Amino acid sequence: MKNNNSNISVVIPVYNNADFLSELIRRLINILDEICKEFELIFVDDGSSDNSLKILYDFQKRFVQIRVIKLLKNYGQSNAIAAGLEFAKYDIMAIMDADLQDKPEDIPKLLERMLLEKSEMAIAQWKINEGCYHESIFSKIFYFASEYLTRIHQPPCTGIFRLITRDAFDKA
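Residues numbered from 1 in each chain as written. Predicted model: local features only at pLDDT ≥ 70, side-chain atom pairs only at ≥ 80, totals over all residues. Heavy atoms only, no water.

1. Overview of the overall build of the protein
1) Next: The number of helices and strands found in the protein is six helices and six strands.
2) Next: Helices and strands in the protein line up, N terminus first, as β-α-β-α-β-α-β-α-β-α-β-α.
3) Next: Buried residues in the protein amount to 49% of all 172 residues.
4) Next: Of the contacts made within the protein by residues no fewer than 6 positions apart, 77% connect residues no fewer than 24 positions apart.
5) Next: For the protein, the computed accessible surface area is about 9,600 Å², with 52% contributed by carbon and sulfur atoms. (Helix = DSSP H or I, 4+ residues; strand = E, 2+ residues; numbered from the N terminus. Buried < 20%, exposed > 50% of the residue type's maximum accessible area, 1.4 Å probe, protein only. Contact = heavy atoms within 4.5 Å. Areas by Shrake-Rupley, 256 points an atom, 1.4 Å probe, with all protein chains shown as cover.)

In structure tokens form, the structure reads like this:
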């Protein structure tokens, strides 16, 4: 499903995710290479105390598509995402977690849905039988802030995994 018109910036906040980064990068590059004309992976290290930053710098040397932003200390996921979005250069921006709870292989589905519906955002929704991430206080704060900024209602069982257009981000 190569869509030669799509250029995507993927913003990934990182906090002590060393165990997942190699697999995440491999899967992201494989899938984005299939569907994009151009892409970039923006990893925002949010004050990790593990080996995450070293791993990211090693991958940055090997792949021109990888950009690493190092925050001076842990400012939290929302601030890390905001920093990454500020540096994103493409009109379609994906936001996802670094721990592989969000599947890189779902990016084409979100992109297809977004383009088909000509929407400014596509949000992944988890299929969970009982209990939901959205019940935590931090998640409720994120939903409130996101809905306030974007004026888009978010269904339950959604995390940060989404695609958003540059225009929608700039309006917020």
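2. A short note on helix H4 (residues 107–117)
1) Next: Among the residues of H4, Ile107, Pro108, Leu110, Leu111 and Met114 are the ones counted as buried. For H4, the angular spread of buried residues about the axis comes to 160°, placing them on one side. Summarising the geometry of H4, the exposed residues directed more than 90 degrees from the buried face are Lys109, Arg113 and Leu116.
2) Next: Within two residues after H4, lysine 118 carries a phi angle of roughly 50°, on the positive side. (Arc of directions from axis to C-beta.)

3. Some points on the pairing of strand E2 (residues 38–45)
1) Next: Of all the eight residues making up E2, seven are buried; the element is thus mostly covered by neighbouring parts of the structure.
2) Next: Both strand E1 (residues 7–14) and E2 contribute to a ladder of eight bridges, which runs parallel. Note that in E2 the partner of valine 10 across the bridge is leucine 41.
3) Next: Each parallel crossover has a hand, and the one from E1 via helix H1 (residues 18–35) to E2 is right-handed.
4) Next: By the bridge criterion, five bridges tie E2 to strand E3 (residues 66–70) in an arrangement that is parallel. In the sheet register, phenylalanine 43 faces E3, and the bridge partner there is valine 68. (Pairing = 2+ DSSP bridges. Right-handed = clockwise from strand over helix to strand, strands pointing away.)

4. Points about the packing of H1 against H4
1) Next: It is at 10 Å that the axes of H1 and H4 come closest, and there the two elements cross at 35°. Contacts between H1 and H4 pair Leu28, Ile31, Leu32 and Ile35 from the former with Ile107, Pro108 and Leu111 from the latter.
2) Next: A class-by-class count of the residues in the contact of H1 with H4 yields seven nonpolar, no polar and no charged. (Axes fitted to C-alpha atoms, helices over the stretch in contact; angles between N-to-C directions. Nonpolar A, V, L, I, M, F, W, Y, C, P; charged D, E, K, R; others polar.)

5. Notes on the environment of leucine 21
1) Next: Along the polypeptide, leucine 21 turns up in helix H1.
2) Next: Assessed through its relative accessible area of 0%, leucine 21 is described here as buried.
3) Next: Between the C-alpha atoms of leucine 21 and leucine 53, which are 32 residues apart in sequence, the distance is 9.9 Å.
4) Next: Not counting residues within four places of it along the chain, the set of residues in contact with leucine 21 comprises Val14, Phe43, Ser52, Ile55, Leu56 and Ala98.

6. Points about the packing of H1 against helix H2 (residues 52–62)
1) Next: At their nearest, the axes of H1 and H2 sit 8 Å apart, and the two run at 20° to each other. By the criterion of interaxial angle, the relationship of H1 to H2 is roughly parallel. For the element pair H1 and H2, the recorded crossing hand is right-handed. Within the contact between the two elements, H1 uses Ala18, Leu21, Ser22 and Ile25 and H2 uses Ser52, Ile55, Leu56 and Phe59. (Parallel < 35°, antiparallel > 145°, perpendicular 65-115°, else oblique. Left-handed = near helix turned anticlockwise from the far one by under 90°.)

7. Describing the packing of aromatic side chains
1) Next: Under the definition given, this model contains one aromatic pair.
2) Next: Taking the centre distance of 6.2 Å and the plane angle of 20° together, the rings of phenylalanine 59 and phenylalanine 63 count as stacked.
3) Next: Judged by relative accessible area, phenylalanine 59 falls into the buried class, the value being 11%.
4) Next: Residue phenylalanine 63 is classed as partly exposed on the basis of its relative accessible area, which comes to 22%. (Phe/Tyr/Trp six-rings, centres within 6.5 Å; stacked < 30°, edge-to-face > 60°.)

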